[in-house]
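If you want the building blocks of each chain, they are given just below.
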Amino acid sequence: MITQRTKGRRKKAVAAAALAAALLATAACGGGGTDDGGEGGAAGFDAANNKVAQASEAKKGGELKFAGVQDADSWDTTRGYYGFAWNFMRYYSRTLVTGKAEPGAKGAEVTPDLATSTAKITNDGKTYTYTLRDGVTWEDGKPITSKDVKYGIERQWAQDVLSGGPVYLKDVLDPKGEYPGPYKDKSPDKLGLKAIETPDDKTIVFNLPAANSDFEDMLGMAFASPVRQDKDTKSKYGLKPFSSGPYKFQSYTPNKKLVLVRNENWKQASDPVRKAYPDKISLTLFTNANDMDQRLINGDYDLDINQTGMSPQGRTTALKEHKGNLDNPVSGYVRYAVFPQTVKPFDNIHCRKAVIYGADHESLQTARGGPVAGGDIGTNMLPPSVPGAEGQKYDPYDMAGADKKGNVAKAKEELKACGQPNGFKTTIAVRNNKPVEVATAESLQASLKKVGIDVEIDQYDGAQTTGIIGSPENVKKKGYGIIIMGWGPDFPTVQGFGLPLWNSKYILESGNNNFAMIDDKTIDGLFADYVTELDEAKKEQISTEINHKVMEGGYYLPFVFEKFINWRGSNLANVYTTDNYSGQYDFVNLGLKK
Amino acid sequence: MTAPLHEPTAEAAPSAAEEAVLAGSAEGKAVQGRSLGRIAWERLKRDKLALTGGIVVLVLIAIALLAPVITNLVGQDPETHHEDLIDPLFSTPKGSLGGISADHPFGVEPVNGRDVFARIVYGARISLLVGFLSALVAVVLGTVLGVLAGYFGGWLDAVISRVMDGLLAFPQLLFIIALVSVMPNEMLGLTGTGVRIFVMILVIGFFGWPYVGRVVRGQTLSLREREYVEAARSLGAGRLYILFKELLPNLVAPIIVYTTMMIPTNILTEAALSFLGVGVKPPTASWGQMLSSAIDYYDSDPMYMVIPGLAIFITVLAFNLFGDGVRDALDPKGSR
Amino acid sequence: MLAYLFRRLFAAAVMLVVIILVVFCIFFLVPRWAGVDPATMFVGKQADPQAIEDVRQKLGLADPILVQVWEFFKGLFAGRTYAAGGDVTECAAPCFGYSFRNEQAIWPVLTDRFPVTLALALGAAVLWLLFGVAAGVLSALKRGSLWDRGAMVVALGGVSLPIYFTGLLSLAIFSYGLGWLDAQYVPLEESFGGWLGGMILPWITLAFLYAAMYARITRATMLEIMGEDYIRTARAKGLREPVVIGKHAMRSTMTPILTMLGMDLGALIGGAILTETTFSLPGLGAAVLKAISDKDLPVILGVTLITSLAVIVANLVVDILYAVIDPRVRLA
């Protein structure tokens, strides 16, 4: 997979993508209504996976009905952290740049949205300049200005009021944390953040203290959305955000129902990304996943907003009777077990490797749901959607090859090298609210028993994940030698995925994600090289190298490169998955057939 | 099968206890005590359904005790994974009826292919132990405190009643989830699953007693004003005497019913606790745990639901039949 | 009678305070024992220590428990002002606070969800009383008959399967399979038919679970009472059997049934968690389940307060009814 991020190549890519989209569209026109289930019918298995299904059948109008079991953590663009929420936010919020409205890897490339073009990068990659498009407006018809963009971004500093969201921009633009945030800002216009300048209403300039090669990817994310000061209801903003996109909030009751209607002040001409097919978009929240799946199958709803795959019962029914309505995308998540080095005997690399060799990888895959619903056996730690990933081609422990059922002999050898020839005892920590993770823990337990490693499974309160396994002291105290987790990229680069997991700087007393407690100068150095490297090819090379270093350390036992089985309602048109949102359907341009 | 009850029972003697009071002497008591027990046993022996229930309960207990022997006979164990028997696409067992075969008489579990028969047999240990003992805890606590509150009244009643109200109103789930994070691994000389079972029995019993307590209190309230209690009192019977000889026998019916009805609820509560991480640790099997994981396969592998469901049903039915029999046999006014 | 009521209400108020205090303790003290920082649950994935500290301040997690309890009760009667990081919110009485998760005011959530739960509990109670008590009486009168045994087997079937199963099976059969009912919640204001269609299955499923208990208790108590002297007296007086049963026997049978009804209704109004979850009913139970798993303290407190009130009121009514049904029982 090649992604092109430098300026000149990006333009070419745009042209190529446009051509590809046009070809696909024609193909859909020509071929529509024959072998793929017919007009108005389902498009076929995997028809929308990395390609566009039934683009030509999308009509203006109608109500697009989402169902879900999990509401967004917040619909406030600054506070949301769920991938599906970012995806959905594109309906009512625009950013300077955004992911392309195209399938697969192309979707992860940035394209101008509010801005007229992608950034003009100067000053050795430390200055980014954008000009805003004409005719971009808020839901009350007033123009969106560069100051609104700046204010929207500044809200990220107000963590005391607006907690929960990512803080990438804050970390990059103000690493020392000098700016107090807009609500405590002494300057009268509340635009005191020095790193962003707004010389006029159309221009915005970002001055980075140090270059970061992923900066524009960050600006393409929902948390870089503009917010207008006079409409900022602070902590309550998520209950009714003020729209800059084609739809606006009509009503919202958390955990119950959300309805968006057309924003009459949004102009198609001002927006190169959004098609805005439906008239109305609704989200109904369920508490019973089996019930929701059945209602999706019955056609009461068009798709699942959570995009985390159907539950086992619904999946089986759908695979048997409605295969044409399913897509099987790669989610961008890696599911794995990680070995904290602070817990003995996992301070010894050989004991870690003993677990890796002792595990039955195929059984772990089955526990995750099998090759289709669970994913391919994970052989390394970089998810396939991240540039520089090699997928199953890089398999240092033969997990998908000869040793996929585990290798008892090698495991015993490693145990000997570790000084524990008779095995040892340890504890697996697993979230109690993820039955699939408990199933993988049981699989691991069963296979490790064969090599003499005796594990106890401890199910902890999944709501307190960050408090329990995010506290290295607690992990050590409880003796969690194996932690079962999963991780997906916030944005698909090695920085957006691996920095908090593998960089020694991210070993925190509380809210830690570097569970393995990796403190490796080489890995830290590679990350430092990565953020200053502007050449795409070299960035990929560094990503690959980081992945190799992590795998060689034996810190992780990957289970699967996760895949989902997602439901695509028969009435949906112009459907495709995008790497920008971890293999979810790109919500913003979904249309209805009738 | 027997004479309908509304047939006036002329030969029914006055309550045995009443007679004892009237007789008032140690000698009378001894005679009555012996014959009451024998009468009850004679009656129970004649009640075929109750006996069947009792035998089934005994068989279940035997199965639980002999779990390793039984599974050895079949050649299966509850923890070995048989992923080769699972359809990788659907995660359900290959073959019909949940993978029932000669090797696996009850089929295998979805996802990991563990033998369902072995897990049912081993699960009986956890489910019966937790189901029975926690019901016992709840009933003992509930009866004692309920009778105290109902009979003595006053401030004692006020305190016990308010505690019961408080426990009923309390968000138990919050308590249980909080318990997940402070669950010790060792206590009172127990380790691992032992601790878990002990804690579960306590928790389920503790939150269950107010239900029994309130019913018993209500009954006691109304019984203590009855004529025969008045009579006993006027004859100078002591409070404790009245409590144990006059009131308790009349509370037996609702208590037995309550106990038998609590068992299935407790077995299912055990599942919920295990599911949340407070109960038995995987891969230990329990009926409730099997039933709650069967929810994801209710249509694609219904046998996986039917088998633990039937196990619970049979246990409860047997216990109810037996309980009814015991109740009838002990009933001093009964005609059988 | 008035003095009795007054005393009960006073005791109830004390109990409410105690329950709320215990909830606070569980929320704050238990994580401390376990070494878990509750503030980390409310920050993003890469939160720095400053952000965690800010959140702690904002949610008031750093204040002593008693101060928080005091603020909570004060808010109920006098309203409350929240100020954090330049964000000031006035919350008028009765102020139940704002959700830690979605910043929604709690009071409207409670008033929005309460009717759903109330309708669920009352509707189901009517059904289980009708069928449970009737089956129990019939079983008692025809003791040992096929009817008696059959009713018991059916009733026990209802309690042997968890409600998320019976609920899902009823959905699978009547909604997905036969298509008789849509079985999705529709607010009563929108359409009565839709509302009824959405409530029938939850009512029946819930009643199925409870009817067994009521039938068994009715049967047992009835059998006990039919042997009593006063029934014999009533018969001896030449009263017809229906009168004996309807007037004399039923009256005494009501005591345990009422007790149970009080408890069950109280508990269900606090949230029929599993039923609401299975049928996706937007009631208090679904809300509290979500709140507990999200550690959303203000929602937990709000629902707990309603539950406690419901239990207290229901039990108070039951205690008063004891005296009405059985004049010999004195209220003390």
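Criteria and cut-off values
Residues numbered from 1 in each chain as written. Chains lettered and ligands numbered in written order. Predicted model: local features only at pLDDT ≥ 70, side-chain atom pairs only at ≥ 80, totals over all residues. Heavy atoms only, no water. UniProt positions renumbered as here; feature names shortened; annotations may be inferred. Helix = DSSP H or I, 4+ residues; strand = E, 2+ residues; numbered from the N terminus. Contact = heavy atoms within 4.5 Å. Salt bridge = Lys/Arg side-chain N within 4 Å of Asp/Glu carboxyl O. Polar contact = N/O pair within 3.5 Å; in protein donor to acceptor, adjacent residues only side chain to side chain. Nonpolar A, V, L, I, M, F, W, Y, C, P; charged D, E, K, R; others polar. Domains from an automatic or database assignment. Buried area = accessible area lost by both parts, 1.4 Å probe. Phe/Tyr/Trp six-rings, centres within 6.5 Å; stacked < 30°, edge-to-face > 60°. Buried < 20%, exposed > 50% of the residue type's maximum accessible area, 1.4 Å probe, protein only. Lys NZ or Arg CZ within 6 Å of the ring centre and 35° of its normal.

Student: Would you take a moment to explain the UniProt feature "transmembrane region" (unreviewed entry) in chain C for this structure?
Tutor: Residue and element names in this part refer to chain C. The sites that carry the UniProt feature "transmembrane region" (unreviewed entry) are, in the present numbering, residues 9-30, 118-141, 153-174, 194-215, 257-279 and 299-325. Spanning residues 9-30, this segment combines 100% helix with 0% strand, and its end C-alpha atoms are found 31 Å apart. The straight-line gap between the two end C-alpha atoms of residues 118-141 is 34 Å; of that span, 100% is helix and 0% is strand.

Student: How should I be thinking about the interface of chain B and chain A in this particular structure?
Tutor: Interface size, as often reported, equals the accessible area lost upon joining of the parts. Residue-level contacts link 29 residues of chain B with 31 residues of chain A. Across the chain B-chain A interface, the total number found is four salt bridges. A salt bridge links Arg-114 of chain B to Glu-442 of chain A; its shortest N-O distance comes to 2.5 Å. Remark: the boundary between chain B and chain A carries eight residue pairs in polar contact (both at pLDDT 80 or more). When residues of the side of chain B that touches chain A are traced back to their parent elements, those giving at least two are α7 (172-182) and α10 (239-276) of chain B. A breakdown of the residues in the side of chain B that touches chain A according to their chemical character gives 15 nonpolar, seven polar and seven charged.

Student: Please clarify how the domain arrangement of chain C should be interpreted in this entry.
Tutor: All names here are of chain C. Partitioning chain C into structural domains gives domain 1 (37-95) and domain 2 (110-331). Once you take the C-alpha centre of each, domain 1 and domain 2 turn out to be 39 Å apart. Tallying the contact residues gives four residues for domain 1 and four residues for domain 2. Summing both sides of the interface, domain 1 and domain 2 together bury roughly 370 Å²; the carbon and sulfur share of this comes to 87%. Three residues stand out in domain 1 for area buried against domain 2, namely Met-41, Phe-42 and Phe-72, and they jointly supply 76% of the buried area on that side. For the pair domain 1 and domain 2, the interface holds zero salt bridges. Connecting domain 1 to domain 2 are zero residue pairs in polar contact (both at pLDDT 80 or more). Residues of the side of domain 1 that touches domain 2, tallied by class, amount to four nonpolar, no polar and no charged.

Student: Hey, could you run me through the packing of aromatic side chains in this one?
Tutor: For any two aromatic rings, the description comes down to two numbers: the centre-to-centre distance and the angle of the planes. Using the criterion set out here, one finds 45 aromatic pairs over all chains in the structure. Between the aromatic rings of Phe-27 of chain C and Phe-28 of chain C, the centroid separation amounts to 5.2 Å while the plane-to-plane angle is 75 degrees, which identifies the pairing as edge-to-face. Judged by relative accessible area, Phe-28 of chain C falls into the buried class, the value being 5%. In this arrangement the basic side chain of Arg-155 of chain A is found over the ring face of Tyr-237 of chain A, its NZ or CZ atom lying 4.7 Å from the centre. When the ring centre of Phe-45 of chain A is taken as origin, the NZ or CZ atom of Lys-323 of chain A, which lies over that ring, is 4.7 Å away.

Student: What am I meant to see in the UniProt feature "domain: Solute-binding protein family" (unreviewed entry) in chain A here?
Tutor: When the UniProt feature table is mapped to this numbering, "domain: Solute-binding protein family" (unreviewed entry) covers residues 109-504 of chain A. Across residues 109-504 of chain A one finds 27% helix and 20% strand; the C-alpha atoms that close the span lie 29 Å apart.

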